[in-house]
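The lines below spell out each chain.
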Amino acid sequence: MVTGGAGFLGQHVVRKLEKKGCKEVFVPRSRDYNLVDMEAVKRVYRDARPEIVIHLAARVGGIGANMKNPGRFFYENLMMGVQLIEQGRLAGIEKFVAVVRYALSKFTPVPFKEESLWEGS
């Protein structure tokens, strides 16, 4: 299962997995599974029955949206990850992989360069 498999990074990951011979890659869509909601997370594990989970889904919106909604985005991304990990543990999945996300400091100059990501942290 690849959460966020229809997104920018996820599409590439899904294509690579298929090229490597993965025959069944389940990509849950947010319209069907709100991964912030525990019952939806339980349901996606029941429906997909994954052996491996690659968690790429995230609440994102660009720099402006991130600056206007830092608490909401942090909460939703945290809950998605924590609930997917816990329900995966309970389901006995073989492996869980998650992409580490970062938050920009309010002091990071925009547009930013990679070397300035940690300024003001």
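Just above, that's the structure.
Rules of the game
Residues numbered from 1 in each chain as written. Predicted model: local features only at pLDDT ≥ 70, side-chain atom pairs only at ≥ 80, totals over all residues. Heavy atoms only, no water. Helix = DSSP H or I, 4+ residues; strand = E, 2+ residues; numbered from the N terminus. Buried < 20%, exposed > 50% of the residue type's maximum accessible area, 1.4 Å probe, protein only. Contact = heavy atoms within 4.5 Å. Areas by Shrake-Rupley, 256 points an atom, 1.4 Å probe, with all protein chains shown as cover. Polar contact = N/O pair within 3.5 Å; in protein donor to acceptor, adjacent residues only side chain to side chain. Core = buried A, V, L, I, M, F, W, Y, C linked by side-chain atoms within 4.5 Å. Pairing = 2+ DSSP bridges. Patch = residues over 30% accessible without salt bridge, like charges linked within 9 Å, V, L, I, M, F, W, Y side chains within 5 Å. Salt bridge = Lys/Arg side-chain N within 4 Å of Asp/Glu carboxyl O. Lys, Arg positive; Asp, Glu negative; His and termini not counted. Charge placed at Lys NZ, Arg CZ, Asp CG, Glu CD.

A.B. asks: What is the right way to look at the overall build of the protein in this model?
C.D. replies: Looking only at helices and strands, one finds 4 helices and 3 strands in the protein. Its helices and strands taken in sequence order, the protein reads β-α-α-β-α-α-β from the N to the C terminus. Classification of the 121 residues of the protein by burial places 29% in the buried group. Put simply, 58% of the contacts in the protein that link residues at least 6 apart link residues at least 24 apart. Only carbon and sulfur atoms are counted for the fraction: they give 56% of the accessible area of the protein, which is about 8600 Å².

A.B. asks: Help me out: how do you make sense of the side chain of Asn77 in this one?
C.D. replies: Inspection of the secondary structure assignment puts Asn77 in helix H4 (residues 70-91). What makes Asn77 buried here is its relative accessible area of 16%. At 2.5 Å, the side chain of Asn77 forms a polar contact with the backbone nitrogen of Arg59.

A.B. asks: Just to check I follow, could you spell out the nonpolar core for this structure?
C.D. replies: Core analysis: the biggest nonpolar cluster contains 13 residues, and Met1, Leu35, Val44, Tyr45 and Leu84 have the highest contact counts within it. Looking at this core, the elements that each hand over two or more residues are helix H2 (38-48) and H4. Residue contacts for Leu84: discarding those within four places in its chain leaves Met1, Thr3, Leu35, Val41, Tyr45, His55 and Phe96.

A.B. asks: Explain the pairing of strand E2 (residues 52-55) to me, please; I cannot follow it from the model alone.
C.D. replies: Regular strands place their side chains on alternate faces of the sheet. Sheet topology places strand E1 (residues 2-3) next to E2; 2 bridges connect them, and they run parallel. The residue bridging Thr3 from the neighbouring strand is His55, located in E2. Bridge count for E2 against strand E3 (residues 95-98) is 4 bridges, and the pairing is parallel. Opposite Ile52, over in E3, you have Lys95 as the bridge partner.

A.B. asks: Honestly, the environment of Phe74 in this entry has me stumped. Any pointers?
C.D. replies: Checked against the element boundaries, Phe74 lands in helix H4. Taking C-alpha positions, Phe74 is 9.5 Å from Ala58, a pair spaced 16 residues apart along the chain.

A.B. asks: Got a minute to help me understand a positive patch on the surface in this structure?
C.D. replies: Together, Arg15, Lys16, Lys19 and Lys20 line one region of the surface with positive charge. With respect to the helices, strands and loops of the structure, Lys16 is situated in helix H1 (residues 8-19).

A.B. asks: Help me out: how do you make sense of unusual backbone geometry in this one?
C.D. replies: A negative phi holds for most residues other than glycine; trans holds for most peptide bonds. Phi is positive for Arg49, close to 45 degrees, though the residue is something other than glycine. The residue Arg49 is located in the loop between H2 and E2 in this model. A relative accessible area of 65% means that Arg49 is categorised as exposed.

A.B. asks: Quick question: what am I supposed to make of the environment of Gly81 here?
C.D. replies: Position of Gly81 relative to the elements: it lies in helix H4. Its relative accessible area of 14% is what places Gly81 among the buried residues. In sequence terms Gly81 and Ala57 are 24 residues apart; their C-alpha atoms lie 8.7 Å from each other. Those residues in contact with Gly81 that sit more than four places away from it in its chain are His55 and Phe96.

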